[in-house]
Amino acid sequence: MSDRFVDLLRHGEVVGGGRFRGDTDDPLSASGWEQMRATTAGRSDWDALIASPARRCAEFSHELAGERDLPLQLWPALGERRFGAWENRRAADIPLEDLNRFWTDPQGFTPPAGEPFLAFRDRVLAAWDRLLGQTFQHPLVVTHGGVIRIVLGAILGMPPEALLLIEVPPACLTRLRIPTGGGQPSLLFHAGPAACGAPY
């Protein structure tokens, strides 16, 4: 039996621009829809679609599942980290000292009323373990930048403070190989939308 693969796709640009969004449920912008359609165009090897229930992930996933006749599952555990008092705020609106602590020590600093890093990581990795237990040979997972960083950090053995050094632009596609018969998952590619043929 051949190896399995998992593709992780971050949602495209969102209405309202760059903000801290966990529970904030803004939809994709027109540009975001274009990015997602361009990144997935011409790719036909997926056998299932799994998505965060956030609108910026789920609405496109419903469209793609209908076009490709793919089974679709929405998993709340694949949602973005919840940012509490920082929800729907731009980075420029956050006190610089707090923002620096968040970037450099995500495990030790939690935004007020936000989801602690360890709780977020445990939630995402439980979803990852659940995904590995499925029988799909090549699912597409439509999710968020924070979720993708957690999965990559676990596979590559990265400490929490290094995860924000992984850039995950809108509509970025990441492919992971899952060896059959044991062995560790590996990273095949992590491509921004320009590399995938999508408008940046």
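Throughout what follows, the structure given in this document is the object of discussion. (Residues numbered from 1 in each chain as written. Predicted model: local features only at pLDDT ≥ 70, side-chain atom pairs only at ≥ 80, totals over all residues. Heavy atoms only, no water.)

A look at the overall build of the protein chain
Argument step 1. Helix and strand content of the protein chain: five helices and six strands.
Argument step 2. Its C-alpha radius of gyration of 16 Å places the protein chain within 12% of the 16 Å reference for a compact globule of 200 residues.
Argument step 3. Referenced to the eigenvectors of the C-alpha coordinate spread, the extents of the protein chain come out at roughly 50 × 40 × 30 Å.
Argument step 4. Burial analysis of the protein chain (200 residues in total) assigns 47% to the buried set.
Argument step 5. Long-range pairs, those at least 24 residues apart, make up 71% of the contacts in the protein chain between residues at least 6 apart in sequence.
Argument step 6. Split by element, the accessible area of the protein chain, about 9100 Å² in all, is 53% carbon and sulfur.
Argument step 7. For the protein chain, the distance from the average position of its 20 positive side-chain charges to the average position of its 24 negative side-chain charges is 0 Å. (Helix = DSSP H or I, 4+ residues; strand = E, 2+ residues; numbered from the N terminus. Rg over C-alpha atoms; globule rule 2.2 N^0.38 Å. Buried < 20%, exposed > 50% of the residue type's maximum accessible area, 1.4 Å probe, protein only. Contact = heavy atoms within 4.5 Å. Areas by Shrake-Rupley, 256 points an atom, 1.4 Å probe, with all protein chains shown as cover. Lys, Arg positive; Asp, Glu negative; His and termini not counted. Charge placed at Lys NZ, Arg CZ, Asp CG, Glu CD.)

Looking at the layout of surface pockets
Argument step 1. Space inside the largest pocket adds up to approximately 710 Å³.
Argument step 2. Lining the largest pocket are 32 residues, with R10, R19, E80, F83 and R149 positioned closest to its centre.
Argument step 3. Secondary structure elements with two or more residues in the lining of the largest pocket: α3 (96-104), α4 (117-132) and α5 (145-156).
Argument step 4. Ranked by the residues each element gives to the lining of the largest pocket, the list is headed by α5, at four residues.
Argument step 5. When grouped by side-chain class, the residues that make up the lining of the largest pocket number 15 nonpolar, seven polar and 10 charged. (1 Å grid on protein atoms, 1.4 Å probe; cavity = no way out; pocket = protein on both sides within 12 Å on 5 of 7 lines; lining within 4 Å. Points joined across faces, edges and corners; volume = space filled by probe spheres on them. Nonpolar A, V, L, I, M, F, W, Y, C, P; charged D, E, K, R; others polar.)

Considering the nonpolar core
Argument step 1. V6, L8, I50, L78, W128, L131 and V141 are the most contacted members of the largest nonpolar core, which has 25 residues in total.
Argument step 2. Of all elements in the fold, only β1 (4-10), β2 (48-51), α4, α5 and β5 (173-178) reach the threshold of two or more residues within this core.
Argument step 3. Per element, the largest residue contribution to this core is six residues, and it comes from α4.
Argument step 4. With 16 residues, the next largest nonpolar core counts W33, M36, A65 and L70 among its residues. (Core = buried A, V, L, I, M, F, W, Y, C linked by side-chain atoms within 4.5 Å.)

What about the sheet that holds β2?
Argument step 1. Reading across the sheet, the six strands line up as β3-β2-β4-β1-β5-β6 and stay open at both edges, with mixed pairing between neighbours. The outermost strands of the open sheet, each flanked by one partner alone, are β3 (72-74) and β6 (186-191). Direction aside, neighbouring strands of the sheet carry axes that sit 20° apart on average.
Argument step 2. As paired strands, β5 and β6 are joined by five bridges and run antiparallel to one another. Across the sheet, residue L176 finds its bridge partner in β6, namely L187.
Argument step 3. Where α4 meets the sheet, its contacts fall on β1, β2, β3, β4 (139-143) and β5, and the angle it forms with β1 comes to roughly 140°. (Pairing = 2+ DSSP bridges. Axes fitted to C-alpha atoms, helices over the stretch in contact; angles between N-to-C directions.)

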